Amino acid sequence: MKQLYIKQKLFSLSGKFTVKDQQEKDVYYVEGSFMQIPKTFSIMDETRDEVALITKKVFSFLPKFFVEVNGQEVLTIKKEFSFFKARYTIDAADIEVNGNWWDMDFQVLQHGVVIGKVNKEWFTWGDSYKVQILNEEMEAIIIAFVVAIDCVKADQAAASSAATI
């Protein structure tokens, strides 16, 4: 089992942060586009080769995010129409989520077998997550999954704050 840690910088406008291992070594680099349409997040490995790309669909009635890993679309996160509480669905082939993914406390399963666990770290500046990888072949997908959910949450928070102005 491998443990990785995602800690976003609190005041980063472009959305740049790293994913570290247990020895605090940078394993992945995440860079969000700044003032660009469509909004994207690129996830790169130690050699700065892109392993995943998260893209927010433009010109969509409800927000929709696509996640590509190694050039193939692996999952889609989309907002469902709802009057009261924001509701999202995750479409992914052979991958499901058990737990509260909105609060970042969940397990990622493939064919019913747990391949990863995600827990939000509380009482930290910025968002911090502990990610346990149980199937290292799925590591890039799990990291992309966590970053995509966090991107959806940030987008929802921005939309909520804009609506109150």
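Everything numeric here is computed off the predicted structure, so don't read it as measured data.

Asker: Looking at this structure, I do not really get the overall build of the protein chain. What am I missing?
Answerer: From N to C terminus, the protein chain includes 1 helix and 12 strands. Order of helices (α) and strands (β) in the protein chain, N terminus to C terminus: β-β-β-β-β-β-β-β-β-β-β-β-α. Sorting the 165 residues of the protein chain into buried and exposed places 41% on the buried side. If you sum the accessible surface of the protein chain, you get close to 9700 Å²; carbon and sulfur atoms cover 53% of it.

Asker: In this structure, what is going on with the pairing of strand E7 (residues 72-80)? I would like to understand it.
Answerer: Each regular strand carries side chains that alternate between the two faces of the sheet. Bridge count between strand E6 (residues 64-69) and E7: 6 bridges; the pairing is antiparallel. Bridge pairing in E7 links Glu68 to Glu73. Turn length for the E6-E7 hairpin, with the two strands adjacent in sequence and antiparallel, is 2 residues, and the turn residue Asn70 shows positive phi of about 50°.

Asker: Just checking my understanding: could you explain the pairing of strand E11 (residues 113-121) for this structure?
Answerer: Two strands pair when backbone bridges link them, and strand E10 (residues 105-110) and E11 are joined in this way by 6 bridges, in the antiparallel orientation. The partner of Leu109 across the bridge, within E11, is Val114. From the end of E10 to the start of E11, which pair antiparallel, there are 2 residues, and His111 there has a positive phi angle of about 55°. Here E11 runs beside strand E12 (residues 128-133); their pairing, made up of 6 bridges, is antiparallel. Counted as the bridge partner of Glu121 is Ser128 from E12.

Asker: Please clarify how unusual backbone geometry should be interpreted in this entry.
Answerer: Both trends apply: most residues other than glycine have a negative phi, and most peptide bonds are in trans. The phi angle at Arg48 is positive, at roughly 70°, despite the residue not being glycine. With respect to the helices and strands, Arg48 occurs in the loop between strand E4 (40-44) and strand E5 (50-56). Its identity as a non-glycine residue notwithstanding, Asn70 has a phi of 50°, on the positive side. Here Asn70 lies in the loop between E6 and E7. The class for Asn70 is exposed, based on a relative accessible area of 59%.

Asker: Would you mind going over the packing of aromatic side chains with me for this structure?
Answerer: The tally for this structure, following the rule as stated, stands at 1 aromatic pair. Judged by centre distance (5.9 Å) and plane angle (70°), the ring pair of Phe106 and Phe145 falls under edge-to-face. Of the two residues, Phe106 sits in strand E10 while Phe145 sits in helix H1 (residues 139-163), which places them 39 residues apart along the sequence. When sorted by exposure, Phe106 lands in the same class as Phe145, which is buried. Between the NZ or CZ atom of Arg48 and the centre of the ring of Tyr29, over which it lies, the distance is 3.7 Å.

Reading the values: rules and limits
- Residues numbered from 1 in each chain as written.
- Predicted model: local features only at pLDDT ≥ 70, side-chain atom pairs only at ≥ 80, totals over all residues.
- Heavy atoms only, no water.
- Helix = DSSP H or I, 4+ residues; strand = E, 2+ residues; numbered from the N terminus.
- Buried < 20%, exposed > 50% of the residue type's maximum accessible area, 1.4 Å probe, protein only.
- Areas by Shrake-Rupley, 256 points an atom, 1.4 Å probe, with all protein chains shown as cover.
- Pairing = 2+ DSSP bridges.
- Phe/Tyr/Trp six-rings, centres within 6.5 Å; stacked < 30°, edge-to-face > 60°.
- Lys NZ or Arg CZ within 6 Å of the ring centre and 35° of its normal.

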